[in-house]
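# Structural characterization, general
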Amino acid sequence: MPDHPLSSSPDAVTRILGIESSCDETGVALVETRDQAAPRLLAHALHSQIAMHQAYGGVVPELASRDHIRRVLPLTAQVMREAGHVLADIDVVAYTRGPGLAGALLVGAGVACALGAALGKPVLGVHHLEGHLLSPFLSADPPEFPFVALLVSGGHTQLMRVDGVGQYQLLGETIDDAAGEAFDKSAKLMGLGYPGGPALAKLAEQGDPAAFKLPRPLLHSGDLDFSFAGLKTAVLTQSQRLRQVSDEEFEARKADLAASTQAAIVDVLVKKSLAALETTGLKRLVVAGGVGANKALRAQLNAACANPRRRGGVVRVHYPELHLCTDNGAMIALAAAMRLQSGQQRALPAASFEVKPRWPLDAITVATA
């Protein structure tokens, strides 16, 4: 069996099935490449477990794993139907190897490797954050290398210099809570339920972002690291003060507190991103991950980067399409395709597999199965 399905023929076509199962969303997608042309998304399907986890106020790992088992094969069948292909047309099966919930990752990896073995096709394990980082290449306005990447996905907030596929330099990261955790934990303190981030952002639209003076941790630290644990504590303190007055006072001012919380998070993300651009001298910024869908973050980044008076000049900002900001199979299939095209990784026979629940993005190795 060949360990690298891409051919040097100008008419070579490679179809890559991507399976994402790192947390609470099951995603499957089919991507097609023609020689070195940009990968093209043929079809994708996604099932979110939000409704199932709402009763518990957060993701229950065992329930997440069991639900992935139920969903992944029906979603695969749906994707193949919508793409107008059959399983035999697949050349590579890609899956999320990490980071993520161990049990959830094992479901996707197990299904991918079993499918690869049954079809006699090679498989390829993909880094979840690399999928997010490269997802804007499926947008109507794809970026070009090199660029600065702001990764804001779940428990991850990082700034990276990206010179090409697999060429990642960590510039800064969170030292405690990530931006997504700050959104979710603050929302929980306000009684907004699960998922907290989107609920807080929606409520913030009705509030005054200057109503409460909340901290911007590490904003003037002189480095590119983040810290949001102190902000969460400040939100807790302010919530308690309002409740001490009365429950009615808390409810009346909750939108203002949500808006002020969002403003603090966005302010730090924007200022640190601009600092990373100035430090590297690069003129492109990629924003990826679930928090990248936040309207306030997009608006402020767009305004700041379009300002010709900004030190360093105008910067192009690129985002994934909104429906590809959350976890999805398309980003996994895309990352696999781009790694194959660049020679950074090989697809290998599905003899065995392992997952990596903890896996730094800058620790990806070349030609990893």
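Just above, that's the structure.
So, how was this worked out
Residues numbered from 1 in each chain as written. Predicted model: local features only at pLDDT ≥ 70, side-chain atom pairs only at ≥ 80, totals over all residues. Heavy atoms only, no water. Helix = DSSP H or I, 4+ residues; strand = E, 2+ residues; numbered from the N terminus. Contact = heavy atoms within 4.5 Å. Polar contact = N/O pair within 3.5 Å; in protein donor to acceptor, adjacent residues only side chain to side chain. Pairing = 2+ DSSP bridges. Axes fitted to C-alpha atoms, helices over the stretch in contact; angles between N-to-C directions. Parallel < 35°, antiparallel > 145°, perpendicular 65-115°, else oblique. Left-handed = near helix turned anticlockwise from the far one by under 90°. Nonpolar A, V, L, I, M, F, W, Y, C, P; charged D, E, K, R; others polar. Buried < 20%, exposed > 50% of the residue type's maximum accessible area, 1.4 Å probe, protein only. Lys, Arg positive; Asp, Glu negative; His and termini not counted. Salt bridge = Lys/Arg side-chain N within 4 Å of Asp/Glu carboxyl O. Core = buried A, V, L, I, M, F, W, Y, C linked by side-chain atoms within 4.5 Å.

## So, the environment of Asn-307
One can find Asn-307 in the loop between helix H9 (295-305) and strand E10 (316-318). Setting aside residues no more than four positions away along its own chain, Asn-307 makes contact with Gly-313 and Val-314. Within the local environment of Asn-307, its side chain forms a polar contact with the backbone nitrogen of Arg-309, the two atoms lying 2.9 Å apart.

## A word on the pairing of strand E3 (residues 40-48)
Sheet topology places strand E2 (residues 25-34) next to E3; eight bridges connect them, and they run antiparallel. Paired with Thr-26 across the strands is His-47, a residue of E3. Here E2 folds back onto E3, and the loop between the two strands holds five residues, one of which, Asp-35, carries a positive phi near 50 degrees.

## Here's the deal with the packing of helix H2 (residues 61-83) against helix H3 (residues 102-119)
How two helices pack is summed up by the angle between their axes together with the distance between the axes. At a closest axis distance of 8 Å, the pairing of H2 and H3 adopts a crossing angle of 25 degrees. Of the possible angle classes, the one that applies to H2 and H3 is roughly parallel. Here the hand of the crossing between H2 and H3 comes out right-handed. In contact with Ser-65, His-68, Ile-69, Val-72 and Leu-73 of H2, H3 contributes Gly-103, Ala-104, Val-107 and Val-111. Residues belonging to the contact of H2 with H3 are distributed by class as follows: six nonpolar, three polar and no charged.

## Examining the sheet that holds strand E7 (residues 156-164)
The strands making up a sheet are joined through hydrogen bonds of the backbone, oriented either antiparallel or parallel. Strand order in this open sheet of five strands is E8-E7-E6-E9-E10, and the pairing throughout is mixed. Only two strands of the sheet have a single partner each, and these edge strands are strand E8 (167-173) and E10. Strand-to-strand, the axes of this sheet are offset by a mean angle of 25 degrees, without reference to chain direction. Strand direction decides the pairing type here: strand E9 (residues 284-288) and E10, joined by three bridges, are parallel. Residue pairing in the sheet places Leu-285 in a bridge with Val-317 of E10. The sheet contacts of H9 involve E9 and E10, and relative to E9 the element is tilted by about 175 degrees.

## Here we look at unusual backbone geometry
Cis peptide bonds are those with omega within 30 degrees of zero, and the linkage from Gly-98 to Pro-99 qualifies with -15 degrees. With respect to the element layout, Pro-99 can be found in the loop between strand E4 (92-98) and H3. Non-glycine residue Asp-35 carries a positive phi angle of around 50 degrees. Tracing the backbone shows Asp-35 in the loop between E2 and E3. Note on Asp-35: relative accessible area 24%, which makes it partly exposed. Within the chain, Leu-218 stands out as a residue other than glycine whose phi angle is a positive 65 degrees. Considering the arrangement of structural elements, one finds Leu-218 in the loop between helix H6 (196-204) and helix H7 (229-245). In this structure Leu-218 comes out as partly exposed when scored by relative accessible area, which is 29%.

## A closer look at the side chain of Glu-20
Inspection of the secondary structure assignment puts Glu-20 in strand E1 (residues 13-20). Here Glu-20 is buried and forms no salt bridge, its nearest opposite-charge partner Arg-97 lying at an N-O distance of 13 Å. Engagement of the side chain of Glu-20 in a polar contact is seen with the side chain of Ser-22, the distance being 2.5 Å. Once you skip the residues sitting within four places of it in the chain, Glu-20 turns out to touch Glu-25, Thr-26, Gly-27, Thr-96, His-128, Asp-327, Asn-328, Gly-329, Met-331 and Ile-332.

## Thoughts on the nonpolar core
Side chains that are nonpolar tend, in soluble globular proteins, to be buried together. One finds Leu-214, Phe-228, Ile-265, Leu-269, Leu-285, Val-287 and Leu-297 to be the most contacted residues of the largest nonpolar core, which totals 47 residues. Looking at this core, the elements with two or more residues in it are strand E6 (147-153), helix H5 (179-189), H6, H7, helix H8 (247-280), E9 and H9. Among the elements that line this core, the one with the most residues is H8, at 14 residues. Among the nonpolar cores identified, the runner-up in size contains 36 residues, and Ile-16, Val-165, Leu-324 and Leu-340 belong to it.

## What to know about the sheet that holds E2
Strands sit in the order E3-E2-E1-E4-E5 across an open sheet of five strands; the sheet is mixed. Two strands lie at the open edges of the sheet, namely E3 and strand E5 (123-127), each paired on one side alone. Going across the sheet, the axis of each strand differs from the next one's by a mean of 20 degrees, ignoring polarity. Strands E1, E4 and E5 of the sheet are contacted by H3, whose axis makes an angle of about 160 degrees with E4.

None of the figures reported here should be taken as evidence of function without further support.
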